[in-house]
Amino acid sequence: MRLLFSIGAVLVAGMFAGGEVAGIAAPGPKFEPSRHQPQRLAADKDAQTVDVELILAVDVSYSMDMDELAVQREGYAQAIQSKEFLQALKLGPNGRIAVTYFEWAASSDQKVIIPWRLVDGPETADAVAAEIMKTPIRRASRTSISGAINFAMPLFEEDPYRGLRRVIDISGDGPNNNGGPVTVARDAALEKGIVINGLPIMVKEPSYSTMDIDNLDYYYEDCVIGGPGSFVISIKDREKFKEAIRTKLLMEVAGRTPERPVIPVADKDREPRVNCMIGEKIWSDRWGR
């Protein structure tokens, strides 16, 4: 079943008042990582232990216009600084996470904007947000979700922190059209116990010039995400861009699983609703390569 979110102030009220809101399972009296989440217990219980190691992989392909790129940057920065995010942070058993932020386009084009940083309160959150905002916005060609996943996986081994969960959070406005098949990269990540969540950006009508597709949310659900508790939050309204980012980060940091979860193709024996090679096919049909 597809996960549908209603985002905004009602989310915050539900998360911290103990209610069930927007398809998010309410927490119990004490925070407990969901039994559906893969857990990787740290070897030690010192200051290096975090609740989640979170990789934010952000699309900067040319199909994203400059306004969308600016709003996307602001959305991540504001979400990390928000009161709701900081409250969710404190719900974890360690009260801190490790986060890194990189931008991606083609299979060989990834740029780390924020190396691994510990976020454990307002000061560290503000520092990460400032780093995100001070970096000049860039755009690049092609869309390689597989390249982003393959780039992300080794980053976990470079992280000085050790968490209970490992999550790759991918945003993008189109299907994979460069590099290896996205499903191969996805499956390699899942074999390592990594969860992949998605933020498909669907604020523009599909067009020939941008190589957008119909039902990008289906594509992300069936071809990109995977792992226990994985989910997709679609952005179909430009005005809801920042709220969607905040909703997604709140769920990931607090370890929530959807009340009505997506059942990814990778986790269940069923056929995808879309062709997971559709981006490659469009590119080949159009450019002959």
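Residues numbered from 1 in each chain as written. Predicted model: local features only at pLDDT ≥ 70, side-chain atom pairs only at ≥ 80, totals over all residues. Heavy atoms only, no water.

This part covers the confidence of the model for the protein. Residues at a pLDDT of 70 or more form 75% of the protein, whose mean pLDDT is 81. No element of the protein has a lower mean pLDDT than helix α1 (residues 9-17), which averages 39, and none a higher one than helix α5 (residues 145-158), which averages 98. Between residues 1-44, whose pLDDT stays under 50, and residues either more than four places distant or in other chains, the model counts 97 contacts. (pLDDT = per-residue confidence, 0-100. Helix = DSSP H or I, 4+ residues; strand = E, 2+ residues; numbered from the N terminus. Contact = heavy atoms within 4.5 Å.)

Strand β1 (residues 49-59) sits mainly inside the fold: eleven of its eleven residues count as buried. The sheet contact formed by β1 and strand β4 (residues 162-172) spans nine bridges and is parallel. Residue pairing in the sheet places Thr49 in a bridge with Arg162 of β4. (Buried < 20%, exposed > 50% of the residue type's maximum accessible area, 1.4 Å probe, protein only. Pairing = 2+ DSSP bridges.)

On to the packing of aromatic side chains, then. What the rule picks out here adds up to four aromatic pairs. Taken together, a centroid distance of 5.6 Å and an interplanar angle of 85° make the contact between Tyr76 and Tyr101 edge-to-face. Of this pair, Tyr76 sits in helix α2 (residues 66-81) while Tyr101 sits in strand β2 (residues 97-104), placing them 25 residues apart in sequence. Each member of the pair Tyr76 and Tyr101 is classed as buried. Ring geometry for Phe102 against Phe151: centres 4.8 Å apart, planes inclined by 65°, an arrangement best described as edge-to-face. One end of the pair, Phe102, is in strand β2; the other, Phe151, is in helix α5, and 49 residues separate them in sequence. Judged by its relative accessible area of 25%, Phe151 is partly exposed. (Phe/Tyr/Trp six-rings, centres within 6.5 Å; stacked < 30°, edge-to-face > 60°.)

This part covers the nonpolar core. Formed by 42 residues in total, the largest nonpolar core has its most connected members in Tyr76, Phe85, Ile97, Tyr101, Val119, Ile132 and Leu249. Elements represented by at least two residues in this core include exactly β1, α2, α3 (83-91), β2, β3 (110-119), α4 (122-134), β5 (195-200) and α8 (241-254). Examining the composition of this core, we find that eight residues originate from one element, α8, more than from any other. Excluding its chain neighbours within four sequence positions, the residues that come into contact with Phe85 are Ala79, Ile80, Ile97, Val119, Leu249, Leu250 and Val253. If you look at the next biggest cluster of nonpolar residues, it comprises 34 residues, including Ala98, Ala148, Ala189 and Val224. (Core = buried A, V, L, I, M, F, W, Y, C linked by side-chain atoms within 4.5 Å.)

What follows concerns the environment of Val128. Positionally, Val128 belongs in helix α4. What makes Val128 buried here is its relative accessible area of 2%. A C-alpha to C-alpha distance of 8.7 Å links Val128 and Gln81, two positions 47 residues apart in sequence. When near neighbours in sequence (up to four residues on either side) are disregarded, Val128 contacts Ile80, Ile114, Arg117 and Val119.

This part is about the environment of Ile168. For Ile168, the location among the structural elements is in strand β4. Overall, the relative accessible area of 0% leaves Ile168 in the buried class. Separated by 27 residues in sequence, Ile168 and Val195 have C-alpha atoms that sit 6.2 Å apart. Not counting residues within four places of it along the chain, the set of residues in contact with Ile168 comprises Ile55, Ile149, Ala152, Phe156, Ile194, Val195, Ile196 and Asn197.

This brings us to the environment of Ala148. Along the chain, Ala148 falls in helix α5. What makes Ala148 buried here is its relative accessible area of 1%. In this structure the C-alpha to C-alpha distance between Ala148 and Phe102, which are 46 residues apart in sequence, comes to 8.9 Å. If we skip the residues at most four places from it in the chain, Ala148 touches Phe102, Trp104 and Gln110.

Here we come to the pattern of salt bridges. Considering all chains together, one arrives at 17 salt bridges under this definition. In this structure, Arg238 and Asp65 form a salt bridge, with 3.6 Å as the shortest nitrogen-oxygen distance. Of this pair, Arg238 sits in the loop between α7 (216-224) and α8 while Asp65 sits in the loop between β1 and α2, and the two are 173 residues apart along the sequence. Its relative accessible area of 25% is what places Asp65 among the partly exposed residues. The structure contains a network of salt bridges with shared partners spanning Asp65, Asp67, Glu68 and Arg238. (Salt bridge = Lys/Arg side-chain N within 4 Å of Asp/Glu carboxyl O.)

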